[in-house]
Amino acid sequence: MSLALFPRHLLLGALLVVTPLIATPTLAEESRSRLDVQAEAQLDVIPDRATLSARLWERTPAIARRDATANDPDALREARDRLEARAATLIRTLEEAGLEREAISAGSLNVQPEHLPGERHGDDDRETLMRTRLERPFRVEIEDLERLPLLLDALTEAGVDALDGVTYDLADRDAATDEALVKALVKARHKAELMAETLGVSLGPVTSIAETRAPIYAPRMMAMSADARESAPQGEYRPGTITMEAGVSVSWDIEP
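For clarity, every value in this text was computed on a predicted model and none was experimentally measured. (Residues numbered from 1 in each chain as written. Predicted model: local features only at pLDDT ≥ 70, side-chain atom pairs only at ≥ 80, totals over all residues. Heavy atoms only, no water.)

S.K.: Got a minute to help me understand the nonpolar core in this structure?
M.R.: Soluble globular proteins tend to bury their nonpolar side chains together. Grouped together as the largest cluster of nonpolar side chains are 30 residues, with contacts concentrated most on Leu52, Leu90 and Leu94. Those elements giving two or more residues to this core turn out to be strand 2 (49-59), helix 2 (73-96), strand 6 (125-142), helix 3 (148-157) and strand 7 (162-169). Top element by residues in this core is helix 2. It accounts for 6 residues. Counting 19 residues, the second largest nonpolar core, distinct from the first, contains Val45, Ala176, Ile242 and Met244. (Core = buried A, V, L, I, M, F, W, Y, C linked by side-chain atoms within 4.5 Å. Buried < 20%, exposed > 50% of the residue type's maximum accessible area, 1.4 Å probe, protein only. Helix = DSSP H or I, 4+ residues; strand = E, 2+ residues; numbered from the N terminus.)

S.K.: Which parts of the structure should I look at to understand a nonpolar patch on the surface?
M.R.: Taken together, Leu185, Val206 and Ile209 make up a surface patch of nonpolar side chains, about 260 Å² in accessible area. In this fold, Val206 is placed in strand 8 (residues 202-213). (Patch = residues over 30% accessible without salt bridge, like charges linked within 9 Å, V, L, I, M, F, W, Y side chains within 5 Å. Areas by Shrake-Rupley, 256 points an atom, 1.4 Å probe, with all protein chains shown as cover. Salt bridge = Lys/Arg side-chain N within 4 Å of Asp/Glu carboxyl O.)

S.K.: Mind showing me how you'd approach the packing of helix 2 against helix 3 here?
M.R.: Two packed helices can be described by the angle between their axes and the distance between those axes. Interaxial distance between helix 2 and helix 3 falls to 9 Å at its minimum, and their mutual angle equals 155 degrees. Classified by the interaxial angle, the pair formed by helix 2 and helix 3 is roughly antiparallel. The two elements helix 2 and helix 3 cross, and the hand of that crossing is right-handed. Counting all contacts with helix 2, which are made through Leu90, Thr93 and Leu94, the residues of helix 3 involved are Leu151, Ala154, Leu155 and Glu157. (Axes fitted to C-alpha atoms, helices over the stretch in contact; angles between N-to-C directions. Parallel < 35°, antiparallel > 145°, perpendicular 65-115°, else oblique. Left-handed = near helix turned anticlockwise from the far one by under 90°. Contact = heavy atoms within 4.5 Å.)

S.K.: Sorry, what's going on with the pairing of strand 2 here?
M.R.: When a strand is regular, its side chains alternate between the sheet's two faces. Within strand 2, 8 of the 11 residues are buried, which leaves it mostly tucked inside the rest of the structure. Here strand 2 pairs with strand 7 via 7 bridges, running antiparallel. Looking at the pairing, Ala50 lines up with Tyr168 of strand 7. The sheet contact formed by strand 2 and strand 6 spans 10 bridges and is antiparallel. Residue pairing for strand 6: Ala54 is matched across the bridge by Phe138. (Pairing = 2+ DSSP bridges.)

S.K.: Just checking my understanding: could you explain the confidence of the model for the protein for this structure?
M.R.: Here the protein averages 82 in pLDDT, while 77% of its residues score no lower than 70. In this model residues 231-235 is a low-confidence stretch, pLDDT under 50, and it forms 2 contacts with partners more than four residues away in sequence or in other chains. (pLDDT = per-residue confidence, 0-100.)

S.K.: I would appreciate a short explanation of the pattern of salt bridges in the present structure.
M.R.: If the charged atoms of two oppositely charged side chains come close together, the side chains can form a pair. One pass over the full model with this rule turns up 18 salt bridges. Across the pair Arg34 and Asp36 runs a salt bridge, and its minimum N-O distance is 3.0 Å. Taking the relative accessible area as the measure of exposure, Asp36 reaches 43% and is therefore partly exposed. Between Arg77 and Asp74 there is a salt bridge whose closest N-O contact spans 2.3 Å. With Arg77 and Asp74 both in helix 2 and 3 residues apart, this pair spans about one turn of that helix. The partly exposed category is assigned to Arg77, whose relative accessible area is 46%. Taken together, the shared-partner salt bridges in this structure form one network comprising Arg55, Arg59, Glu114, Arg131, Arg133, Glu135 and Asp164.

Quick look at the structure:
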């Protein structure tokens, strides 16, 4: 029989009866009791490796800017030869200190002009001098932090012009971030169990888990100067600890 043949008041009554039956499971689901917990944890980790950053440079003689020989190729070649000889000495010194060649990284040659104030002619007229600076950066990877003071001495002995600092790091960052996350989850579970026991209820299954703070390991940079190396106490180069933070949000059903 076609719906068009049903009286209008009978059809409306049928719809009113069906609608509560459809909505009933949703209302029951929303009315279930739930325990929501947020927890944060801190993990202090000790770095187990480091990277030293240093630079060597040489300069051409400073001459008057107006001089046509400001970019004298002979002067540039001589400065580069001196720089390469010093770089070879630095690498050899580090190897003699027990460092593997693969742990030493020499960067690209950087060439840049430098302007210097010259002699004053008259009251306001000062001559400008010009020279060229040739520079090479070096990175030294250290897997045994006990050798750090020895390698700093080796860099100083090799006559580095700039010791830019030490960056402390972890060989296995993933293991540390995993540990921080687990610590936060364990703390969340402990809080939920404490709350449930105190209130006299029972925890059901976990219904949702979310990170509120992702654990991130950030390498620590310690600046230093080559001039201050000899006067610095050895304890100054201890890495200390780096704090990682993790946060989670977990929900449990409460058993009736």
